[in-house]
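Summary of structural features
Now for the letters of each chain:
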Amino acid sequence: MSTHVFKPDLPPPTLSVGVVGWLRANLFSNWFNTLLTALALYLIWVTVPPLIQWAFLDATWSGSTRSDCAPGGACWVFIQNRFAQFMYGFYPQGLRWRVDLTVILAVAGAAPLFVKAMPRKLVYGLAYLLVYPWLAFWLLHGGPGLEVVPTSQWGGLMLTLVIAVVGIAGAMPLGVLLALGRRSDMPAIRVICVTFIEFWRGVPLITVLFMSSVMLPLFLPEQITIDKLLRALIAVILFEAAYIAEVVRGGLQAIPKGQYEAAGALGLGYWRMMGLVILPQALKLVIPGIVNTFIALFKDTSLVIIIGLFDLFNSIHQATVDPAWLGFAIEGYVFAALVYWIFCFGMSRYSMRLERRLHTGHKR
Amino acid sequence: MQNPASEPSRRGSMMTDPKVRAWVFQILAIGAVLGIGWYLFHNTQANLAQRGITSGFAFLNNPAGFGILQSLIDYTEGDTYGRVFVVGLLNTLLVSVLGIFIATIVGFVVGVARLSPNWLISRLAALYIEIFRNIPPLLQIFFWYFAVLRAMPPPRDSHALGETVFLNIRGLYLPSPTPAEGFWAFIVALVIAIAGCVALARWARVRHENTGRYFPVLWASLGILVVVPALFALVAGSPFHWSVPELTGFNFRGGWVVIPELVAITLALSIYTAAFIAEIVRAGIQAVSHGQTEAARSLGLRPGHILRLVIIPQALRVIIPPLTSQYLNLVKNSSLAAAIGYPDLVSVFAGTVLNQTGQAIETIAITMSVYLAISLSISLLMNWYNKRIALVER
Amino acid sequence: MTENALKHTLGDKMMIELSGVNKWYGEFHVLKDINLSVRQGERIVLCGPSGSGKSTTIRCINRLEEHQQGRIVVDGVELTSDLKHIEAIRREVGMVFQHFNLFPHLTVLQNCTLAPMWVRNMPKKEADEVAMHYLNRVRIPEQANKYPGQLSGGQQQRVAIARALCMKPKIMLFDEPTSALDPEMVKEVLDTMIQLAESGMTMLCVTHEMGFARTVADRVIFMDKGEIIEQAPPEAFFSNPQNERTKTFLGQILNH
Ligand SMILES: Nc1ncnc2c1ncn2[C@@H]1O[C@H](COP(=O)(O)OP(=O)(O)OP(=O)(O)O)[C@@H](O)[C@H]1O
Ligand SMILES: [Mg+2]
């Protein structure tokens, strides 16, 4: 009996590894690939240097009026000058701490939910959901003990966030109910829910906003007048609920039949079965989908410009047509794009990470 | 399902019987819906009466009295609101068709580029996708419209491309064809060429089945499509006069003018939707497992055939359903045109007509029905397609 | 030697020759100086622990993987980056995969006629006949118009074998053809492979079915860590392994 002596590992031939190997494999593997590389380099060459030149090298960063801006480069002075308005709209200057505090409370309050080791997450989460909205409304709008700031003065990023967050939070319960209704055994309930969902999903948000601003007043008794923002929020909530319903339905479908049967065998009634067994699992599965819906909604908030609300986008747009700062539309839109992009990109990365985690969880 | 009436009634109260409960619940739900409907209807009636608005669709026959920036059919201020509706609808469809066409091409190119073995190309494609799908489409429309197109020079200082295409603050000027002496010959030639291509494809398929010999139909068809009309044009004379836009005084004469609103919205929606389509295409191609390519390779199939016979047919099944929903999104997003004053359906009908006539309910109902009809017919089509695919798989 | 019912005389022609083949995945040295020749009609079983490079070896033979050093000659044609050579070799070498890799959008019959029609330029009628012939041989002619998704694993693998045979290859490569199958389906696939061996096909099989190796193989090759450690006719290989490593491996695999 002999023992085999293994040969030592040898380093690969130099042409297949290292920088040279990488370049050969990824950029110059054949003539077509080399051509593509040349094309890509050309594209980069014609776009990136001028962009850097405009946005950084030739840009003006400090000053107070348009005359401080050097021609040819970006005028970031414009953004600096209007920054507070882009964030808060016409919210009274002295009261803006209330907006800041609302955001801080939201972040600080939600933070423990992302700590893995946190005990009693569910109880805490529910308590937070019950308390925070009232607190936020009191802080932003005012009321007992706080000066009232009417919603017509709300604006900027703050208003964008209010519409997006209230929109999704309001749409969640309605959406879940609609999803349950769509999968119900009762034909009348199913028909009502399907009609509702398909109606809102079939029309553009802009027509829904139009509808809420001109038709809602007609629908209600004469003596009731509702605030413009509230009208927009109702429109957004109804619209988003339909999308949430479809996302949640996907989650409900993914729950294996055995779970329903097991819950049924335990003698749980419909609502307890759904509330205690099915929905917690289904909702966990659809978090990425809900985040994606939220991203879509966040982008769609820009449509409120149609009904004359001053969200982030409209604030910036109005600033670009202000005679004192005419000619800096590009800077304005680039800044707006950057803000939206950071939010949307960040959330989409988060949703992708969740999705990966859920997938591995299922495989195990 | 059994008939609940035929079932012997159980002990206990009526409400614990699930069947009875289901009936009660459904009746309550229908009642609630009807009740809310009646309440809204009642309020609306009262409000309309109070404002002195008569409901109904008679207003569609009244003259509109306003001009429209762009119309695909003849339209003058004296035409009716009904015609305004058609003009708006056609403009919406124009944006949708242009947008879908461009977005599909760009989306497929970027999606394939995303999977390129070339690292740089794949990164650039990823950059494109990540940038454009995370910026609100309305913002992109405004950017192209206000920051780029409205900042274009006046006609005198137009950007020119080879003295035939001009871009200035009034829009994009393109040369336009008008029929010339060879026009009908050209049409005939085109028909012949297309018929020839169809016949060629059929012949090639039959021959391939019968003899196994392969014929490059695609290249031959392209050749036919170029050569036959060219020959006819040589004999019968040029099929078109090209009317090239020309600067006379302060503006251009002749040619086609594409209004900046249309350019902005088409550009923005195409770029935005293409980012989503690219992701769909990437996912679709990746959904075809690597094993499929390896099996095809090990059988000796050439790369072109592997793509055509193995990868594309499988990838398309994954791609088509989400692709159509992107198309639908684009159609719905075309309503953003209203924000920059492009005369689409929402802008002219749910906007201008509504303001002039005060017929809020009618105009918005008509507008929404149009979008609903489009959405529903596409989703019916999709359901049918998915069922067919499912049948084939299983 | 006589107890092997399938023993036969081998041709003189070399069908596959690997000499001094080295391959790296990035920095990782997977195949180390592999030397292997296979004669016409020879049946070889490759075994070894997971990750030892068995799949990589046979995938190099039809260029699903590229080797970096050494020579691989198949049926007299050397594998280089020349596409003509690669296509010529792939036409002569059939391969069966662990996960079948049937084309799900085509019927069983279309799976079998695809390559003959588009690579061998065979008329459809003839390709259909050939396909039916081989589907008969793997004993599932009645499934010809079904889709792969409608078949059991064992049936799918037999279709995969028929699909490869329709190209009338001179060599067949098998990469663990039975390891994705439920136990009751293993036999039907092995029977098909034995039948193929009887017809004199040159075969290179990666498999852990030692019964199959005993009855069919002319030679069993044991690989570990990218090297060929031992090769011998099955009787000698199983009863009297020469190498410590082989013995341990056989110990593990025979009495699990
Ligand atoms: N594409 C690849 N890139 C990098 N490493 C790889 C790749 N394919 C295989 N390897 C590595 O090369 C080694 C040999 O792989 P190979 O698939 O040939 O093993 P094997 O003997 O067939 O094992 P098994 O019995 O598990 O199929 C393994 O360590 C594997 O992790
Ligand atoms: Mg393997």
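Since the model is a prediction, treat every value here as computed from it, not as a measurement. (Residues numbered from 1 in each chain as written. Chains lettered and ligands numbered in written order. Predicted model: local features only at pLDDT ≥ 70, side-chain atom pairs only at ≥ 80, totals over all residues. Heavy atoms only, no water.)

1. Notes on the overall build of chain B
Here is the rule: Under the DSSP-based scheme used, a helix requires at least four consecutive residues in state H or I and a strand at least two consecutive residues in state E, with every element numbered from the N terminus. Here the radius of gyration uses the C-alpha set of atoms, whereas the globule reference equals 2.2 Å times the residue count to the power 0.38. Burial classes follow relative accessibility: with a 1.4 Å probe on protein chains only, a residue under 20% of its type's maximum area counts as buried, one over 50% as exposed, and anything between as partly exposed. Contact definition: two residues touch when any of their heavy atoms are within 4.5 Å.
Assigned secondary structure in chain B consists of 11 helices and 8 strands. In terms of overall size, chain B is more extended than a compact globule, its C-alpha atoms giving a radius of gyration of 28 Å where 394 residues would be expected to give roughly 21 Å. In terms of its C-alpha atoms, chain B occupies a principal-axis envelope of roughly 90 × 70 × 45 Å. Taken across its 394 residues, chain B has 42% of its residues classed as buried. Expressed as a percentage of contacts within chain B between residues at least 6 apart in sequence, the contacts between residues at least 24 apart total 68%.

2. Points about the overall build of chain C
Each helix and strand counted, chain C has 9 helices and 10 strands in total. Taking 256 residues into account, the globule formula puts the C-alpha radius of gyration at 18 Å, and chain C, at 18 Å, falls close to it. Referenced to the eigenvectors of the C-alpha coordinate spread, the extents of chain C come out at roughly 55 × 45 × 35 Å. Restricting to contacts in chain C with at least 6 residues of sequence separation, those with at least 24 account for 68%.

3. What to know about the site of ligand 1
Residues and elements named next belong to chain C. Rule in force here: Nearness is judged by heavy atoms alone; a residue qualifies as near a molecule or strand once a single heavy atom is within 4 Å of it. Each polar contact in these results corresponds to two N or O atoms within 3.5 Å; when the atoms are within protein, one needs to be able to donate a hydrogen and the other to accept it, and residues that are neighboring in sequence are counted only if both atoms are side-chain atoms.
Residues in contact with ligand 1, as listed here, are Tyr25, Phe28, Val30, Pro49, Ser50, Gly51, Ser52, Gly53, Lys54, Ser55, Thr56 and Glu176. Within the side chain of Ser50, one N or O atom sits 2.6 Å away from an oxygen atom of ligand 1. Of all the elements, helix 1 (residues 54-61) adds the most residues to the shell around ligand 1, at 3 residues.

4. What about the UniProt feature "domain: ABC transporter" (unreviewed entry) in chain C?
What counts here: UniProt positions are given in the numbering used here, feature names are shortened, and annotations may be inferred rather than shown by experiment.
Following the UniProt record, one finds the feature "domain: ABC transporter" (unreviewed entry) at residues 16-250 of chain C. Between the C-alpha atoms that bound residues 16-250 of chain C the distance is 27 Å, and the span itself is 39% helix and 26% strand.

5. Some points on a nonpolar patch on the surface
Residues and elements named next belong to chain B. Stated formally: Each patch is built from residues that are more than 30% exposed by relative accessible area and take part in no salt bridge. Like charges join if they lie within 9 Å; nonpolar side chains (Val, Leu, Ile, Met, Phe, Trp, Tyr) join within 5 Å. Here the Shrake-Rupley method, with its probe set to 1.4 Å, supplies the accessible areas, and only the displayed protein chains count as covering residues. We define a salt bridge as a side-chain nitrogen of Lys or Arg found within 4 Å of a carboxyl oxygen belonging to Asp or Glu.
A grouping of Val188, Ile192, Val226, Val227, Leu231, Phe232, Leu234 and Val235 is seen on the molecular surface, where their side chains present a nonpolar patch of about 790 Å² in accessible area. Looking at the nonpolar patch element by element, the count peaks at 6 residues for helix 6 (residues 217-236). The residue Phe232 is located in helix 6 in this model.

6. Let's talk about unusual backbone geometry
Glycine aside, negative phi is the norm for most residues, and most peptide bonds take the trans geometry. All names here are of chain C. Even without glycine at this site, Asp75 takes up a positive phi of about 50°. When you line up the elements, Asp75 lands in the loop between strand 4 (69-74) and strand 5 (77-78). Judged by its relative accessible area of 17%, Asp75 falls in the buried class. A positive phi angle, near 50°, is found at Lys168, a position not held by glycine. Mapped onto the elements of the fold, Lys168 is located in the loop between helix 5 (153-165) and strand 7 (171-175). Judged by its relative accessible area of 44%, Lys168 is partly exposed.

7. Focus on the interface of chain C and chain B
In plain terms, the rule: Once two parts are joined, some of their accessible surface, as seen by a 1.4 Å probe, is lost; buried area is that loss totalled over both. Lys, Arg, Asp and Glu make up the charged group, whereas Ala, Val, Leu, Ile, Met, Phe, Trp, Tyr, Cys and Pro make up the nonpolar group; the residues left over, Gly among them, are polar.
Facing 29 residues of chain C, the contacting portion of chain B comprises 28 residues. Of the roughly 2600 Å² buried where chain C meets chain B, counting both sides, 60% is carbon and sulfur surface. Run the count over chain C and chain B and you get 2 salt bridges. Here Arg59 of chain C and Glu294 of chain B are joined by a salt bridge, their closest N and O atoms 2.5 Å apart. Inspection of the region where chain C meets chain B yields 7 residue pairs in polar contact (both at pLDDT 80 or more). Looking at the side of chain C that touches chain B element by element, the count peaks at 4 residues for helix 3 (residues 108-118) of chain C. Each residue belonging to the side of chain C that touches chain B can be placed in one class, and the counts come to 17 nonpolar, 6 polar and 6 charged.

8. Brief notes about a positive patch on the surface
Residue and element names in this part refer to chain A. Our working rule: Charge counting follows a simple rule: Lys and Arg are positive, Asp and Glu are negative, and His as well as the terminal groups are ignored. By convention, charge coordinates are those of NZ in Lys, CZ in Arg, CG in Asp, or CD in Glu.
Side chains of Lys116, Lys121, Lys284, Arg353, Arg356 and Arg357 sit close together on the surface and give a patch of like positive charge. Counting residues per element, the positive patch draws most heavily on helix 13 (residues 329-363), at 3 residues. As for its position among the elements, Arg356 is in helix 13.

9. A few points about the sheet that holds strand 10 (residues 227-232) of chain C
All names here are of chain C. To be explicit about the condition: Pairing between strands requires that DSSP locate at least two bridges from one strand to the other. For every element, the axis is a line fit to its C-alpha atoms; helices are fit only across the contacting stretch, and the angle between N-to-C directions ranges from 0 to 180 degrees.
Here 6 strands make up an open sheet; going across it, the order is 6-7-8-3-9-10 and the pairing mixed. Strands at the two margins of the open sheet, each flanked by one partner only, are strand 6 (93-96) and strand 10. Strand-to-strand, the axes of this sheet are offset by a mean angle of 20°, without reference to chain direction. For strand 3 (residues 43-47) and strand 9 (residues 219-224), the ladder comprises 4 bridges, and the chain directions are parallel. Across the sheet, Ile44 pairs through a bridge with Arg219, a residue of strand 9. Docked against the sheet, helix 1 engages strand 3, strand 6, strand 7, strand 8 (202-206) and strand 9, running at close to 150° with respect to strand 7. Packing of helix 5 onto the sheet brings it into contact with strand 6 and strand 7, and relative to strand 6 it is tilted by some 170°.

10. Some remarks on helix 9 (residues 303-333) of chain B
Applicable threshold: Any helix carries an expected span of 1.5 Å times its number of residues minus one. Fitting one axis to the seven residues ending at a residue and another to the seven starting there, the bend at that residue is the angle between the two axes.
End to end, helix 9 of chain B covers just 38 Å across 31 residues, shorter than the expected 45 Å (1.5 Å per residue, more than 12% under). At Ile311 of chain B, helix 9 of chain B is deflected by roughly 45°, the largest bend along its length, and proline Pro313 of chain B occurs up to four residues later in sequence.

11. Notes on the pattern of salt bridges
A side chain with one charge can pair with a side chain of the opposite charge if their charged atoms come near. Applying the stated criterion to the full structure yields 25 salt bridges over all chains. With a closest N to O distance of 2.8 Å, Lys187 of chain C and Asp191 of chain C form a salt bridge. Taken together, the positions of Lys187 of chain C and Asp191 of chain C, both in helix 6 (residues 183-198) and 4 residues apart, correspond to about one turn of that helix. In the salt-bridge network here, residues are joined through shared partners; they are Arg349 of chain A together with Glu130, Arg133, Glu279 and Arg282 of chain B.

12. Thoughts on the interface of chain B and chain A
On the side of chain A, 53 residues touch chain B, which itself brings 51 residues to the contact. Between chain B and chain A, roughly 4700 Å² of surface is buried when both sides are summed, and carbon and sulfur atoms account for 75% of that area. Considering only the surface of chain B that becomes buried against chain A, Asn134, Leu139 and Met368 of chain B emerge as the three largest contributors, covering 13% of it. Where chain B packs against chain A, one counts 1 salt bridge. Glu130 of chain B is paired through a salt bridge with Arg349 of chain A; the nearest N and O atoms lie 3.1 Å apart. When contributions to the side of chain B that touches chain A are tallied by element, the ones reaching two or more residues are helix 1 (18-51), helix 3 (119-133), helix 4 (137-149), helix 7 (260-287), helix 10 (345-357) and helix 11 (360-393) of chain B. Ranked by the residues each element gives to the side of chain B that touches chain A, the list is headed by helix 1 of chain B, at 14 residues. For the side of chain B that touches chain A, a count of residues per class yields 36 nonpolar, 11 polar and 4 charged.

13. Focus on the side chain of Ser315 of chain A
Residues and elements named next belong to chain A. Take Ser315: it is sitting in helix 12 (residues 312-320). Given a relative accessible area of 3%, Ser315 falls into the buried group. Apart from the residues within four sequence positions on either side, Ser315 is in contact with Gln85, Phe86, Gly156 and Phe310.

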